[in-house]
Amino acid sequence: MAVDGFEGPLDLLLELVEEKKVDILTVRLGELADGYLARVRALDQLPADEVSSFLSVASRLVLIKARSLLPALEPSAVEDESETEADLRARLVEYAAVKGRATALGDRLRLGERAFHREGGTVELPPRGGDTSALAAAWTKVLTLAARPRDEELVAPGDRYSVEQRTAEIETLIAQHEALSFATLLVRVPGERATLGFAIVTFIALLDLYRRAAIDLEQDELFGDITVRRKARA
Amino acid sequence: MTPLARSVQAVLFVAEKPVSRGELVRITGATPRAVDAALGELEALCEDTGLRLAHDGQDWQIMTSPDAAAYVAAYLGADRVRLSPAALETLAVVAYRQPATRAEVEAIRGVNCDQTFYTLMQRRLIEERGRRDAPGRPILYGTTWEFLECFGLTSLDELPRVLTLPEPEMTA
């Protein structure tokens with residue numbers, strides 16, 4: 001909260017001390033009462049709760065002034081420690097220190113000499129179970145596949161799936177089950193092997209659903225299964 | 001550079017978040033004292049580089065040097081953090097007195113601090129640090145790693161020292 005450039009009642013009091021060019025440790029705070037009240041009066045349209053904090057400091061200043069004018073005045077029983085000049089001065093000194101520190105922090109911020117740390121996600125981990133013999137086995141498999149006659153592959157009537165159709169299917173599934181495993185969605189019929197075409201269509205359908213914020217995707221670990229979750233409607 | 005200091009440096013290099021002293025002890029199998037010595041060695045070694053070894057309590061992390069901030073910010077496309085004087089005051093009280101409660105900050109500043117606490121929490125410059133064992137069990141707040149980074153400090157010991165009170169201007 002800043003009112004006309006003040007951060008609060010203590011800030012206003014501190015500003016008066018600085019304007020008068022007096023020492024915060026020796027200034028008679030009672031002498032600031034009139035100036036303080038004049039400034040508070042000049043502040044317009046203060047919210048009620050802020051008015052009270054300004055008035056609380058004002059009343060203390062007036063009380064301190066009254067005591068200094070009438071030294072014989074005995075403090076009444078209801079007055080406690082927090083009403084003394086020493087207490088208000090201590091608060092003011094502490095606030096001045098805080099303000100100095102805030103200024104020093106602000107100066108650092110303006111200088112812009114900040115630090116940065118390395119953001120995560122830059123370390124690429126090899127797939128689990130990835131060793132050289134597995135790599136060799138995979139390559140052998142590719143060679144075997146490549147050696148098979150091409151004709152039968154080409155004539156095999158590939159099933160056709162559309163992304164729209166698959167999206168609708170997944171939407172139906174997700175409406176029934178709150179969460180589904182990505183691995184199970186990849187398979188068309190349970191127990192059957194996943195085909196590339198179906199996997200691609202499923203993947204694109206999921207990306208589309210995610211883009212439309214219809215689902216949430218969660219993956220606990222790198223290369224782990226992905227959980228497809230129905231998005232809670234706000 | 002000792003072999004232990006090299007290992008610690010390598011671990012801190014790949015770490016995506018601060019690494020505790022205990023974790024370093026466990027990973028390296030070295031004694032806590034040896035790890036402290038290695039961290040001290042790294043700290044001194046960083047001085048002439050674009051990196052700094054920072055710590056918050058017993059947690060350690062490698063950070064970029066504040067002199068390089070402009071270039072790193074340009075590379076990352078990072079915006080400069082701006083805070084209002086009110087937020088800076090609240091942050092100053094929390095930083096220098098931590099852990100501190102909201103009521104303590106309000107008593108010192110003399111004003112309601114809800115808004116500034118909200119802003120500082122949003123920017124992750126302060127965080128909750130448990131509760132004080134006092135009536136009402138008020139929440140305690142302390143500064144974060146983001147705070148150290150934001151102000152280019154390698155530890156809380158580096159907080160700017162403001163011992164003298166603002167002197168009234170002496171004009172003739």
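About the criteria used
Residues numbered from 1 in each chain as written. Chains lettered and ligands numbered in written order. Predicted model: local features only at pLDDT ≥ 70, side-chain atom pairs only at ≥ 80, totals over all residues. Heavy atoms only, no water. Helix = DSSP H or I, 4+ residues; strand = E, 2+ residues; numbered from the N terminus. Buried < 20%, exposed > 50% of the residue type's maximum accessible area, 1.4 Å probe, protein only. Contact = heavy atoms within 4.5 Å. Areas by Shrake-Rupley, 256 points an atom, 1.4 Å probe, with all protein chains shown as cover. Pairing = 2+ DSSP bridges. Axes fitted to C-alpha atoms, helices over the stretch in contact; angles between N-to-C directions. Expected span 1.5 Å × (residues − 1). Arc of directions from axis to C-beta. pLDDT = per-residue confidence, 0-100. Parallel < 35°, antiparallel > 145°, perpendicular 65-115°, else oblique. Left-handed = near helix turned anticlockwise from the far one by under 90°. Nonpolar A, V, L, I, M, F, W, Y, C, P; charged D, E, K, R; others polar. Phe/Tyr/Trp six-rings, centres within 6.5 Å; stacked < 30°, edge-to-face > 60°. Lys NZ or Arg CZ within 6 Å of the ring centre and 35° of its normal. Patch = residues over 30% accessible without salt bridge, like charges linked within 9 Å, V, L, I, M, F, W, Y side chains within 5 Å. Salt bridge = Lys/Arg side-chain N within 4 Å of Asp/Glu carboxyl O.

A.B. asks: Please explain the overall build of chain B as it appears in this structure.
C.D. replies: Secondary structure summary: chain B contains eight helices and six strands in total. Ordering the α and β elements of chain B from the N terminus gives α-β-α-α-β-β-α-α-β-α-α-β-β-α. Going through the 172 residues of chain B one by one, you find that 42% of them count as buried. A sequence separation of at least 24 residues applies to 50% of the contacts in chain B between residues at least 6 apart. For chain B, the accessible surface area stands at approximately 9500 Å², while carbon and sulfur atoms represent 53% of it.

A.B. asks: Sorry if this is basic, but what is going on with the sheet that holds strand S3 (residues 226-230) of chain A here?
C.D. replies: Paired through backbone hydrogen bonds, the strands of a sheet run either parallel or antiparallel to each other. All names here are of chain A. Ordered by their spatial adjacency, three strands build an open sheet running S1-S3-S2, and the pairing between neighbours is antiparallel. At either margin of the open sheet sits one strand with a lone partner, and together these are strand S1 (179-181) and strand S2 (215-219). Strand after strand, the sheet turns through a mean of 25° between neighbouring axes, direction not considered. With five bridges joining them, S2 and S3 adopt antiparallel strand pairing. Bridge pairing in S3 places Ile215 opposite Arg230. Along the sheet, helix H7 (residues 163-176) contacts S1, S2 and S3; its crossing angle with S3, the most-contacted strand, is approximately 75°.

A.B. asks: Quick question: what am I supposed to make of helix H3 (residues 32-46) of chain B here?
C.D. replies: It helps to recall that an α-helix has 3.6 residues per turn; residues three or four apart then point in one direction. All names here are of chain B. Taking 1.5 Å of rise per residue, 15 residues should cover 21 Å, and H3 covers 21 Å from first to last C-alpha, within 8% of that figure. Three or more residues of H3 are buried, namely Val35, Ala38, Leu39, Leu42 and Cys46. One side of H3 carries all its buried residues, which in axial view fall inside an arc of 100°. In this structure, H3 carries Arg33, Ala37 and Ala44 as exposed residues pointing more than 90 degrees from its buried face. Looking at the buried positions of H3, the neighbouring elements they touch are helix H1 (3-14), helix H2 (21-28), strand S2 (51-56) and strand S3 (59-64).

A.B. asks: What should I look at first to understand the confidence of the model for chain B in this one?
C.D. replies: The predicted coordinates ought not to be read in detail in places where the model reports low pLDDT. Residues and elements named next belong to chain B. Of the residues in chain B, 94% have a pLDDT of 70 or more, and the chain-wide mean is 89. Across residues 165-172 the pLDDT falls below 50, and counting only partners more than four positions away or on other chains, this stretch makes ten contacts in the model. The ipTM assigned to the predicted complex is 0.80, against a pTM of 0.64.

A.B. asks: Is there a simple way to explain the packing of helix H2 (residues 33-42) of chain A against helix H3 (residues 48-69) of chain A in this structure?
C.D. replies: Packed helices, taken two at a time, are described by their axes: the angle between them and the distance between them. Residues and elements named next belong to chain A. Following both chains from N to C, one finds H2 and H3 inclined at 155°, their axes separated by 9 Å at the closest point. The orientation of H2 relative to H3 falls into the category roughly antiparallel. Between H2 and H3 lies a crossing whose hand is left-handed. Note on element contacts: H3 touches H2 through Phe54, Val57, Ala58, Leu61, Val62 and Lys65, opposite Ala33, Asp34, Tyr36, Leu37 and Val40. Looking at the contact of H2 with H3, its residues break down into nine nonpolar, no polar and two charged.

A.B. asks: When you look at the sheet that holds S3(B) in this model, what are you seeing that I'm missing?
C.D. replies: Residues and elements named next belong to chain B. In spatial order, the strands read S1-S3-S2; together these three strands make up an open sheet with antiparallel pairing. Edge positions in the sheet fall to strand S1 (19-20) and S2, since each has one partner strand and no second. Bridge count for S1 against S3 is two bridges, and the pairing is antiparallel. What sits directly across from Ser20, in S3, is Asp59. Against the sheet, H3 makes contact with S2 and S3, and its axis sits at roughly 140° relative to S2, the strand it touches most.

A.B. asks: Honestly, the packing of aromatic side chains in this entry has me stumped. Any pointers?
C.D. replies: Aromatic rings in a pair are described by how distant their centres are and how their planes are angled relative to each other. Per the stated rule, a full pass over the model turns up three aromatic pairs over all chains. Positioned above the aromatic ring of B:Tyr96, the side-chain terminus of A:Arg101 is 4.2 Å from the ring centre. Between B:Arg102 and the ring centre of B:Phe117, over which it is positioned, the NZ or CZ distance is 4.7 Å.

A.B. asks: Whenever I open this one, helix H1 (residues 9-19) of chain A confuses me. Can you help?
C.D. replies: Burial of H1(A) is extensive: eight of the eleven residues sit out of reach of the surface. Lining the buried residues of H1(A) we find H2, H3 and helix H4 (85-111) of chain A together with helix H6 (102-109) of chain B. Of the residues trailing H1(A), A:Lys21 is marked for its positive phi of about 55°.

A.B. asks: Please clarify how a nonpolar patch on the surface should be interpreted in this entry.
C.D. replies: Among the surface-exposed residues, A:Trp139, A:Val142 and A:Leu143 lie close enough to one another that they form a single nonpolar patch of about 320 Å² accessible area. On the basis of relative accessibility, which here comes to 41%, the residue A:Val142 falls in the partly exposed class.

A.B. asks: Please explain unusual backbone geometry as it appears in this structure.
C.D. replies: Most peptide bonds take the trans form, and the phi angle of most residues other than glycine is negative. Residue and element names in this part refer to chain B. Following Gln98, the chain continues into Pro99 via a peptide bond in cis, with omega recorded as -5°. Positionally, Pro99 belongs in the loop between helix H5 (85-97) and strand S4 (100-101). Unusually for a residue other than glycine, Arg137 sits at a positive phi of about 40°. Along the chain, the position of Arg137 falls in the loop between strand S5 (126-131) and strand S6 (139-143).

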